[in-house]
Each structure stands twice: as C-alpha cells, then as structure tokens.
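Here is how the chains run, residue by residue.
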Amino acid sequence: MNTTADAIAAIKTKLGRDLCIMGHHYQNDAVMAHCDISGDSLELARRVPRIDAARIVLCGVYFMGESAALLAREGQTVHLPEPDADCLMSAMIPIRLARRVLEQLALGGRDIVPLAYANTSLAVKALTGEYGGAVCTSANAETMLAWAFQQGKGVIFMPDKNLGHNIANRLGISENERHVLRIDGRGLIEPASQPLDRKLLLWPGACSIHARFRPEFVERARAGYPGCRIAAHPECRQEVIALCDAAGSTSFLIKEAARVAESDSGGTLVIGTEENLVRRLAKRHRGKCSIFPLSHAICPEMSKVTEEKLLAVLEGIVGRGGEPLEIPENFFEPARLSLTRMLEVCGK
Ligand code: 13P
Ligand code: SF4
C-alpha cells in the first residue's frame, strides 16, 4: 500500500469540491496521478477562472502559482506544495534590470511594447502591464507577437531569446530585424553601440533544460531511428528547431504524439522536451508507436514537487488553513492586466 497516495486520496475525499489540484505536464507521474486538472501553462491559466473550489493546489513552478493566484476569484486561495520550485529562466530577468532596460529604451526614444513569456516573475508581469504589454505562453506566442506588432511599436520579447527567434521565424521576421540585447547587471551595455531600432528586441535569457539540445542530437536521432519523426518545444535553439519535423508547445507535443499513434501505427516519434512528459507519452501510446526523448532533460525545479510535499500542503490546508500564496497589492492590477490581455486576445 502506498500510504502517501492513500493519505492524499483521503484528504481529497474529505475536501471534495472545495479542493482542486492542478498539475503541469512536467510533473512526475506520482504527483500527476492526484491532479484534477493537468495542462501546459496556457491551459492551467485558462482553467483557473472556471474553477469553483475554494482551494487550488498548483503542482508546478512558482510563476504558475502566481498566475493562478492572479486569475483566482475573490476568496479562493492558491497553495504550492513547493514554493521554492522556481523556473530557472524566470530568474534570468530580475525586475530591477527589466525596469532599467525599458527605461533606457524609452530614454533613447524607442517606443516599445513588452511581450513577457509566462515564465517570468509577478513583478515582471506587472511591469509589462504597466507598459501596455501582455503575457504569452509557448502555445500562443505567435498570436501574441503578432498582436504586439499590431500596437504599432517595436517589441521587446522577454526573457526567452530562443522562443523569440523561433516565433519570429514563423512570422517571417528576418534575423536582421531582430537584436538580442547585450545586458549586464546595470542595464544595456553601451546602448549607442547596439541596434536598438530593430523591430524585435530579445532579452538574452533561455531555458537551460531546452537549450541543452544540440543540432547533433537531432542528427543522432535520425541515424538511430531511421524514418523517425522529430518534434521539439520552441524553447530549443533555432538551429535545433530548423532540423526538426515539427515544433510546438507542450500541448502541441501531446497532440502530436496522439496523432502519430493514431495515424502511423508502428512509427517512431522523438520528442525534444522535458523527459517526464516524454516518458508519460511513451507509456500512453505503447503498442501503437514508439516515443523516445531527444536527450536526457529533467527540469530540476519541476522535480522539487513530490507526492510527499503535496500531502504536506494538503495536511496544512485541512489542519491550520495552510499558507496561501500572497500577491502584493501593488503588483496585482498591472500583472493581472498583462495576463487577462493574453486571455482576451486568444479568446480565453
Ligand atoms: P508550456 O507553456 O509549454 O507549458 O511550457 C512551460 C515551460 O516551462 C516549458 O519549459
Ligand atoms: Fe523553466 Fe525550463 Fe523548467 Fe520550463 S523546463 S520550468 S522553462 S527551467
């Protein structure tokens, strides 16, 4: 008997409709088994406003909890099994630096709208809202970048330069219309020497998990699995995506696996993204198609959430009311605005 799983199940029964457990697809199977709603970051954000439960427990990284708390109804609380699980990429854009760079661009006469990847802190989302910008996820980055250009200004995309390049490629924005900002701890390095008038400015951040995939991994997979199809997450480098057969968000990759299982019986799909998800898809479609990871890639932050920590947060909720995630008042409205703009543009 798995006592942790049983104890979680007992609390879920006790709290009934007052509790909703949400989980990002990169969570491990033991945690996912307890989730009422699973999704990529867009799906999780979208579902929050439709949840009736008073308590939402979010199994994922910190920014996902913040987004849920921003979109929750009055009286609903959001709880994280592991508040220390923080997306490594979101840490690459400290708020002080983001504000400084936007100020430097404005001082230089650049009229710019920020587009912030959901993988950013609450403070960066608030800054984005303040500057008239919006949030996007990997599932809607193309739509949102097109929206940002419709504002009639230049665009700064923060903080994932790889996602920025990949989406720009899809929208036909050439390399010489983009510029990856050169930044140090004090802001833009020698702004006068940088082509800041380019249409698309990219913050120099990346996901160290997805940026690990190299073009030679794709070549190796093609040699190792002749005739295979290769799909990857757009947080991978553009040189990798250029060699793949398909690229898209977590939800796209899940659909792609189902499509291959359905239409290409006995086929092989190699997926370049976080391995918990790839292994789950391999299990789900076993016997219909073969699915392999492009390479070993576990997000150490997502992995901080365990079944034991999920139980602990649930016990806290039942016992003392639990410590919900708090959103500082000064960030609430502008950060919420940047998220709701995304939901409105993408039709909720
Ligand atoms: P999704 O938007 O595809 O869920 O991705 C979130 C993430 O952190 C990918 O590394
Ligand atoms: Fe952040 Fe990368 Fe982990 Fe996604 S995989 S949560 S982008 S560190």
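This write-up is about the structure you can find in this document. Each chain carries its own residue numbering, running from 1 in the written order of its sequence. Both sets of labels track the order of writing: A upward for chains, 1 upward for ligands. A pLDDT threshold of at least 70 governs which residues receive local features in this predicted model, and a stricter bar of 80 or more applies before side-chain atom pairs are shown or counted, although totals over entire chains, interfaces and linings include all residues. By convention in this description, side-chain values take in all heavy atoms of the structure and omit both hydrogens and water.

Here we come to the site of ligand 1. Consider each residue's heavy atoms; a residue with any of them within 4 Å of a molecule or strand counts as near. All residues adjacent to ligand 1 are His24, Tyr26, Asp40, Ser41, Tyr117, Asn119, Ser138, His210, His233, Glu235 and Thr250. Within 3.5 Å is the distance limit for a polar contact, defined as a pair of N or O atoms, with the added protein rule that one can donate a hydrogen and the other accept it, and that residues adjacent in sequence qualify only through two side-chain atoms. Side-chain polar atom of serine 41 to an oxygen atom of ligand 1: 2.6 Å apart, as the coordinates give it. Contact between ligand 1 and serine 138: an oxygen atom at 2.8 Å from a side-chain N or O atom of the residue. Basically, the charged four are Asp, Glu, Lys and Arg, the nonpolar ten are Ala, Val, Leu, Ile, Met, Phe, Trp, Tyr, Cys and Pro, and anything else, Gly included, counts as polar. Among the residues making up the shell around ligand 1, the classes are represented as two nonpolar, seven polar and two charged.

Classification of ring pairs uses Phe, Tyr and Trp, with its six-membered ring standing for Trp, and accepts pairs whose centres are within 6.5 Å; under 30 degrees between planes counts as stacked, over 60 as edge-to-face, and the remaining range as tilted. Within this structure, the stated rule accounts for one aromatic pair. Between tyrosine 225 and phenylalanine 292 the ring centres are 4.3 Å apart and the planes differ by 10 degrees, which places this aromatic pair in the stacked class. Of this pair, tyrosine 225 sits in the loop between α9 (215–224) and β12 (229–232) while phenylalanine 292 sits in strand β15 (residues 290–293), and the two are 67 residues apart along the sequence. Whether a charge lies above a ring is judged from NZ of Lys or CZ of Arg, which has to be within 6 Å of the ring centre and within 35 degrees of the ring normal. Over the aromatic face of phenylalanine 149 sits the side chain of lysine 199, whose NZ or CZ is 4.8 Å from the ring centroid. The ring centre of phenylalanine 217 lies 4.8 Å from the NZ or CZ of arginine 220, which sits over that ring. Each helix is a run of H or I in the DSSP string that is no shorter than four residues. Each strand is a run of E no shorter than two, and both are numbered from the N terminus.

Turning next to the environment of methionine 92. With respect to the helices, strands and loops of the structure, methionine 92 is situated in the loop between β4 (77–79) and α5 (95–107). Along the chain, methionine 92 and glutamate 275 lie 183 residues apart, while their C-alpha atoms are 23 Å from each other. Note on definitions: a residue-residue contact is assigned when non-hydrogen atoms from the two residues lie within 4.5 Å. In this structure, methionine 92 is in contact with Trp203, Gly205 and Ala206, ignoring residues within four places of it in sequence.

Next up on the list: the sheet that holds strand β14 (residues 268–272). Whether two strands pair comes down to DSSP finding at least two bridges between them. The strand order across the open sheet formed by four strands is β13-β12-β14-β15, and the pairing between neighbours is parallel. For this open sheet the edge positions go to β13 (246–247) and β15, each flanked by a neighbour on one side alone. Here two bridges tie β12 to β13, and the two strands are oriented parallel to one another. Within β13, the position partnered with alanine 231 by the bridge is alanine 246.

Let us now look at the nonpolar core. Ranked by size, the top nonpolar core spans 105 residues in total, and within it Met22, Ile291 and Leu314 carry the most contacts. Remark: nonpolar core denotes a set of buried residues (Ala, Val, Leu, Ile, Met, Phe, Trp, Tyr, Cys) joined through side-chain atoms within 4.5 Å. Categorising residues by exposure relies on relative accessible area from a 1.4 Å probe, with only protein chains included: less than 20% of the type maximum marks a residue as buried, more than 50% marks it as exposed, and the intermediate range marks it as partly exposed. Among the nonpolar cores identified, the runner-up in size contains 17 residues, and Ile112, Ala116, Leu188 and Trp203 belong to it.

This part takes up the pairing of β14. With five of its five residues buried, β14 lies for the most part within the structure. Taking every second residue as pointing to the same face, both faces of β14 are buried, with Thr268, Val270 and Gly272 on one and Leu269 and Ile271 on the other. In this sheet, β14 lies alongside β12 in parallel orientation, the contact comprising four bridges. Directly across from alanine 232, in β14, lies its bridge partner glycine 272. Across four bridges, the pairing between β14 and β15 is parallel. Considered in β15, the bridge of isoleucine 271 is made with proline 293. Read from β14 through helix α12 (residues 275–284) to β15, the crossover connection turns out right-handed. With its strands directed away from the observer, a crossover is right-handed exactly when the path from the first strand over the helix to the second travels clockwise.

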